[in-house]
Amino acid sequence: MNQTTSFGKAAALGIGSVLLSEILCLFISFTCAAFSVSFAVGRYISVLCTLGIHIGIMADFGVKMAKRDAVESRRDGKKLSALRTALLSMVTGIPALSLWILLLVLRLSNGFNFLPLYRFLNAPFFQLLTFACGEHTLATLPMSRLCVFAGMVIVPVITVFVSYTLAMRGESAKS
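Parameters at a glance
Residues numbered from 1 in each chain as written. Predicted model: local features only at pLDDT ≥ 70, side-chain atom pairs only at ≥ 80, totals over all residues. Heavy atoms only, no water. Phe/Tyr/Trp six-rings, centres within 6.5 Å; stacked < 30°, edge-to-face > 60°. Buried < 20%, exposed > 50% of the residue type's maximum accessible area, 1.4 Å probe, protein only. Helix = DSSP H or I, 4+ residues; strand = E, 2+ residues; numbered from the N terminus. Axes fitted to C-alpha atoms, helices over the stretch in contact; angles between N-to-C directions. Left-handed = near helix turned anticlockwise from the far one by under 90°. Contact = heavy atoms within 4.5 Å. Nonpolar A, V, L, I, M, F, W, Y, C, P; charged D, E, K, R; others polar. Core = buried A, V, L, I, M, F, W, Y, C linked by side-chain atoms within 4.5 Å. Salt bridge = Lys/Arg side-chain N within 4 Å of Asp/Glu carboxyl O.

Asker: Where do I start with the packing of aromatic side chains in this structure?
Answerer: Remark: the centre distance and the inter-plane angle together describe each pair of aromatic rings, the angle taken between the planes. Overall, the coordinates contain 6 aromatic pairs when judged by the stated rule. Plain terms: the ring middles of Phe112 and Phe114 are 6.0 Å apart, the flat faces sit at 85° to each other, and that makes the pair edge-to-face. Looking at Phe112, the relative accessible area reads 53%, which means it is exposed. Here Phe114 falls in the buried class, since its relative accessible area comes to 3%.

Asker: How should the environment of Cys147 be read in this particular structure?
Answerer: With respect to the helices and strands, the residue Cys147 is situated in helix α7 (residues 143-149). Between the C-alpha atom of Cys147 and that of Ile45, which follows or precedes it by 102 residues, the distance is 25 Å.

Asker: Is there a simple way to think about the packing of helix α1 (residues 7-35) against helix α3 (residues 82-91) in this case?
Answerer: Running from N to C, α1 and α3 cross one another at 35°; their axes reach a closest spacing of 9 Å. Here α1 and α3 pass one another in a crossing that is right-handed. In this structure, α1 uses Phe7, Ala10, Ala11 and Ile15 to contact α3, whose residues at the interface are Arg84, Leu87, Leu88 and Val91. Tallied by class, the residues present in the contact of α1 with α3 amount to 7 nonpolar, no polar and 1 charged.

Asker: Could you clarify how one ought to interpret the nonpolar core in this entry?
Answerer: Nonpolar side chains in soluble globular proteins tend to be buried together. Counting 18 residues, the largest nonpolar core has Trp100, Leu103, Phe114, Leu115, Tyr118, Leu146 and Phe149 as the members making the most contacts within it. The biggest single contributor to this core is helix α4 (residues 94-108), with 6 residues. If we ignore the near neighbours within four places in the chain, the residues touching Leu115 are Leu103, Cys133, His136, Thr137, Leu138, Leu141 and Phe149.

Asker: Looking at this structure, how should I read the pattern of salt bridges?
Answerer: A side chain of one charge can pair with a side chain of the opposite charge when the charged atoms of the two come close. Within the structure shown, the criterion is met by 3 salt bridges. A salt bridge links Lys64 to Asp60; the shortest N-O distance between them is 3.1 Å. You can see Lys64 and its partner Asp60 sitting in helix α2 (residues 40-76), 4 residues apart, about one turn around the helix. Relative accessible area serves as the criterion here: at 53%, Lys64 is assigned to the exposed category. Its salt-bridge partner being Asp76, residue Arg75 comes within 3.2 Å of it at the nearest N-O pair.

This is the structure we're talking about:
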């Protein structure tokens, strides 16, 4: 029995990919940190590895969804909506956006120091955030840096969108 992939199921798969990326990146970050505590080179390697893992997992999700959607589109004879692609891409940014909004609200309200937990929950960017934050607490972190952190929200969104779009072009060239 062939069923089409609902948007809800596709979104859940996207969030699952984000969580998988988080877990793998935490493992890599802490492994690199344990073996290169005093070496800056180890931290740079950790940044490259975790970003590579995150982008790779998000791109894999985009390609798999594009292939699945292309098969379903050919089978059902329906044209795919560009809005679905955009929304599916945006769903992968929801966890990071939620955390960033919470960080911003706590910064503006002088709430507790959420910065260490924020770094931990953004595992793909853990070392990058460590470099950017230095010895700052949330209260002393400049707003300009906090605004730059918002850029991290779009990494999975752009990755999924581009990989999905490129994979769909490849699939449509096959037909």
